[in-house]
Amino acid sequence: MAEKKKNELKEKLFYKPGNGYDGLSAAEEKKMNAYCEGYKDFLNHGKTERLCVDYCIKLTKGKGFKEYKAGMKLKAGDKVYFNNRGKAIMLAVMGTEGLEKGINLTAAHTDAPRLDLKPNPLYEDAELAYLKTHHYGGIRKYQWLARTLELHGVVILKNGKSVEVNIGGDENDPQFIIEDLLPHLRKPSDEQVLDKAVPSEILNVLVGSRPIGDKEDSERVKMNILKILNEKYGLVEEDFISAELEVVPAGKARDVGFDRSLIAAYGHDDRVCAYAEMAGLFDAKNLKKTGVCIFADKEEIGSVGVTGMISEAFEWFIGDLCKTQKVDIRDCFANSFCVSADVTAAYDPNYAEVFEVRNDSKINHGVAFCKYTGHGGKGGASDASAEVVGKLRKLMNDNGVVWQMTQMGKNEQGGGGTVALDLANRNIDTIDAGVPVLAMHAPIETVAKFDCYMTYKCMKTVFEKA
Ligand code: MN
Ligand code: MN
């Protein structure tokens, strides 16, 4: 009897986060798996931020979205998208309430760590042709060696024409590679910190070895590469200067595990949240408040620039919507609610020493809310208020969404940032929420299907009910 009473007390008072599968019905699991197939397609089509925007626009077509034009008159239920230079996009579904009541925002980013070609990239050395790169975002350089790579982007030719380059994704395409040193030649002096062992300037992509022309000529391999590029794209060497070409890991998203419960792919950070908010907005019904979903660019280098979250392009679009309703954008922001949808570090038992097991997120425990990000004493975090955390927590509990809290490892271990503070600085109540990721920022990252699905349900609920 006494024992039973004690358990009742425990039941009543303890916080009991648990594995999401324990409450997942067979019908929901089926929906989860279908959702994740759509997500894998999104990843396979979206190897760069430009390709994510293209594919997003393609998906909006069947959903009644129109491209937004300045001053467009919109009524409740109307759906528009604003394409910011092909590299960032905002989707809006107009609610029945006026914009002075605020909007429900979800903001993810679709740029991902990668290698960008330098303006003068092509050279020949020892009869091999290479492209020089500059790494974009936080990478562990050694992870990019000895793995096959794809090349995607645009080149603006001398005549102003834009040509798109996509090589390596199709199974008949060639791919590229950055070589590692063979183990036989690793000297004891190489046993340094892994990242120091790989200086950024050796991230040179091998792109050819076949010479053409007379053997007296120089740079015959490079000449052949330029000849191929010229035949295919009309490109000459100077055109690299006005190009954005991104080197990304080759291969498609794949299920992982005998039970297929996980997905391994390039770019889960942060396309896993971008897809969740887009799908959430597509499926949300009867919006009272206008819902806006954002794919931001440049998050991995500080959200700066014309397509980053700090850009006034955000005010340009939301302000324009406000103008048509004669609403002051500041009133709209002051009453808005934002989920900064970004991934977080999932607890990894193999590296337990850097994690804080009581507070870091776990695989299969659902969408992870992050009150604060930042470094060393919350530096650079927007630190959501208790009220904002309370609002989201209640919303999820009331609507059957499995969620957990997260942070990023031990206090003095490291940290991270998101677009949360860029939205919060605009007087918008903001909290981070997203999918826990294993080996975040590695060329191939891993997430759990359950957490992907719960993040989608979180975003949909925010649009419908926040
Ligand atoms: Mn991110
Ligand atoms: Mn990141």
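What counts as what
- Note on numbering: residues in each chain are counted from 1, in written sequence order.
- Note on labels: chains are lettered from A, ligands numbered from 1, in written order.
- The predicted origin of the model limits local features to residues at a pLDDT of at least 70 and limits the giving and counting of side-chain atom pairs to 80 or more, whereas totals for whole chains, interfaces and linings rest on all residues.
- Values shown for side chains rest on all heavy atoms present in the structure; no hydrogens or waters enter the calculation.
- The criterion for strand pairing is that DSSP finds at least two bridges linking the strands in question.
- Helix and strand definitions here come from DSSP, where helices need a minimum of 4 consecutive H or I residues and strands a minimum of 2 consecutive E residues; each element is numbered from the N-terminal end.
- The axes used here are C-alpha line fits, helices contributing only the stretch in contact, and every angle between their N-to-C directions lies in the interval 0 to 180 degrees.
- We call two residues in contact whenever any of their non-hydrogen atoms come within 4.5 Å of each other.
- To estimate how far a helix should extend, the number of its residues minus one is multiplied by 1.5 Å.
- Relative accessibility thresholds used throughout: buried, under 20% of the residue-type maximum; exposed, over 50%; partly exposed, between the two (1.4 Å probe, protein chains only).
- In this analysis a donor is any N, O or S atom within 2.8 Å of a metal ion (3.2 Å for sodium, potassium and calcium), and since water is not included, sites may seem incomplete.
- Salt bridge, as used here: a side-chain nitrogen of Lys or Arg that lies within 4 Å of a carboxyl oxygen of Asp or Glu.
- Domain limits in this description derive from either an automatic procedure or a database domain assignment.
- Throughout, buried area stands for the accessible area (probe radius 1.4 Å) lost by two parts on being put together, summed over both.
- Distance and chemistry together define a polar contact, namely a pair of N or O atoms within 3.5 Å, with one atom able to donate a hydrogen and the other to accept it when in protein, and with adjacent residues in sequence counting only for side-chain atoms on both sides.
- For this scheme, ten residues count as nonpolar: Ala, Val, Leu, Ile, Met, Phe, Trp, Tyr, Cys and Pro. Four count as charged, namely Asp, Glu, Lys and Arg, and the remainder, Gly too, count as polar.
- Any two rings among Phe, Tyr and Trp, with Trp reduced to its six-membered ring, count as a pair given centres within 6.5 Å; such a pair is stacked if its planes are under 30 degrees apart, edge-to-face if over 60, and tilted if neither.
- Comment: the charge-over-ring label is applied if NZ (Lys) or CZ (Arg) is within 6 Å of the ring centre and within 35 degrees of the ring normal.

Thoughts on the sheet that holds strand 3 (residues 88–93)
Pairing is mixed across the open sheet formed by 9 strands, whose spatial order is 1-2-3-14-4-15-21-17-19. Whereas interior strands pair on both sides, the edge strands pair on one side only; in this sheet they are strand 1 (65–67) and strand 19 (403–406). Pairs of neighbouring strands in the sheet enclose a mean axial angle of 25°, with direction left out of account. Of the strand pairs in this sheet, strand 17 (residues 367–370) and strand 21 (residues 429–434) are connected by 3 bridges, and their pairing is antiparallel. Note that in strand 21 the partner of phenylalanine 369 across the bridge is alanine 433. Along the sheet, helix 5 (residues 268–283) makes contact with strand 1, strand 3, strand 4 (103–109), strand 14 (290–296), strand 15 (337–341) and strand 21, crossing strand 4 at roughly 150°.

Points about helix 6 (residues 313–324)
Here helix 6 contains 12 residues, and its C-alpha end-to-end distance of 17 Å stays within 8% of the 16 Å for a straight helix at 1.5 Å per residue. Of all 12 residues that make up helix 6, 9 are buried, and the element is covered over most of its length. Those residues of helix 6 lying buried are Ala313, Phe314, Glu315, Phe317, Ile318, Gly319, Asp320, Leu321 and Cys322. Elements in contact with the buried residues of helix 6: strand 2 (79–84), strand 3, strand 4, strand 14, helix 7 (329–334) and helix 9 (420–424). Of the residues one or two after helix 6, lysine 326 is the one with positive phi, at around 55°.

Section: the sheet that holds strand 23 (residues 445–448)
Reading across the sheet, the 3 strands line up as 12-13-23 and stay open at both edges, with antiparallel pairing between neighbours. Unpaired on one side and paired on the other, strand 12 (254–256) and strand 23 mark the two borders of the sheet. Averaged over all neighbouring strand pairs, the angle between strand axes comes to 35°, with direction disregarded. Pairing of strand 12 with strand 13 (residues 262–265) involves 3 bridges; the strand directions are antiparallel. In the sheet register, arginine 254 faces strand 13, and the bridge partner there is alanine 264. Each of strand 13 and strand 23 touches helix 5; the most contacted strand, strand 23, lies at about 35° to it. Sitting on the sheet, helix 10 (residues 449–465) touches strand 12, strand 13 and strand 23, and the angle it makes with strand 23 is about 70°.

Remarks on the coordination of the manganese ion (ligand 2)
For the manganese ion (ligand 2), the full set of protein donor atoms is Asp269 (OD), Glu300 (OE), Glu300 (OE) and His441 (NE2), at a range of 2.1 to 2.7 Å. Spacing between the donor residues of the manganese ion (ligand 2) along their common chain follows D-x30-E-x140-H. Taken as a pair, the manganese ion (ligand 2) and the manganese ion (ligand 1) show a spacing of 3.4 Å, with aspartate 269 coordinating each metal. Of this pair, aspartate 269 sits in helix 5 while histidine 441 sits in the loop between strand 22 (436–437) and strand 23; the two residues are 172 residues apart in sequence, bridging distant segments of the chain. Since its relative accessible area comes to 3%, aspartate 269 is described here as buried.

Describing the coordination of the manganese ion (ligand 1)
For a metal bound by four donors in tetrahedral geometry, the ideal donor-metal-donor angle is 109.5 degrees, whereas six donors in octahedral geometry ideally sit at 90 or 180 degrees. Donor atoms from the polypeptide that coordinate the manganese ion (ligand 1) comprise His109 (NE2), Asp269 (OD), Asp342 (OD) and Asp342 (OD), at 2.1 to 2.6 Å from the metal. Positions of the donor residues of the manganese ion (ligand 1), expressed as sequence spacing, correspond to H-x159-D-x72-D. Exposure remark for aspartate 342: the relative accessible area of 7% places this residue in the buried category.

Observations regarding the pattern of salt bridges
Following the criterion strictly, the structure yields 26 salt bridges and no others. In this structure, arginine 330 and aspartate 328 form a salt bridge, with 2.9 Å as the shortest nitrogen-oxygen distance. Judged by relative accessible area, arginine 330 falls into the exposed class, the value being 61%. One salt bridge in this structure joins lysine 378 and aspartate 383, with 3.2 Å as the shortest N-O distance. Each of the salt bridges in this network shares a partner with another, and the network as a whole consists of Glu37, Lys40, Asp255, Arg260 and Lys449.

Re the pairing of strand 7 (residues 148–156)
Judged by how many residues are buried, strand 7 sits mostly within the fold: 7 of 9 residues are covered. Pairing of strand 7 with strand 11 (residues 243–249), which is carried by 7 bridges, proceeds in the antiparallel orientation. By the bridge assignment for strand 11, glutamate 150 is matched with valine 248. Here strand 7 runs beside strand 8 (residues 162–167); their pairing, made up of 6 bridges, is antiparallel. Considered in strand 8, the bridge of glycine 153 is made with valine 165.

Side note on the domain arrangement of the chain
Along its sequence, the chain is carved into domain 1 (17–112 + 266–465) and domain 2 (114–249). One C-alpha centre belongs to domain 1, the other to domain 2; they are set 33 Å apart. Opposite the 19 residues of domain 1 that make contact, domain 2 presents 16 residues. Summed over both sides, the interface between domain 1 and domain 2 buries roughly 1400 Å², with carbon and sulfur atoms accounting for 50% of that surface. The tally of links between domain 1 and domain 2 comes to 4 salt bridges. Ionic pairing is found between arginine 50 and glutamate 244, a salt bridge with its closest N-O pair at 2.4 Å. In this assembly, domain 1 and domain 2 are joined by 8 residue pairs in polar contact (both at pLDDT 80 or more). Broken down by class, the residue content of the side of domain 1 that touches domain 2 amounts to 7 nonpolar, 2 polar and 10 charged.

Focus: the packing of aromatic side chains
Scanning all chains against the criterion turns up 17 aromatic pairs. Seen from their ring centres, phenylalanine 42 and tyrosine 275 are 5.3 Å apart, and the 40° between their planes marks the pair as tilted. Taken together, the positions of phenylalanine 42 in helix 2 (residues 26–45) and tyrosine 275 in helix 5 put the pair 233 residues apart, joining distant regions of the chain. There is no split in this pair, since phenylalanine 42 and tyrosine 275 are both buried. Following the ring pairs from residue to residue traces out a cluster consisting of Tyr35, Tyr39, Phe42, Tyr55, Tyr275, Phe295, Tyr453 and Tyr456. The ring of tyrosine 136 carries arginine 114 above its face, with NZ or CZ at 3.6 Å from the centroid. The ring centre of tyrosine 372 lies 4.0 Å from the NZ or CZ of lysine 378, which sits over that ring.

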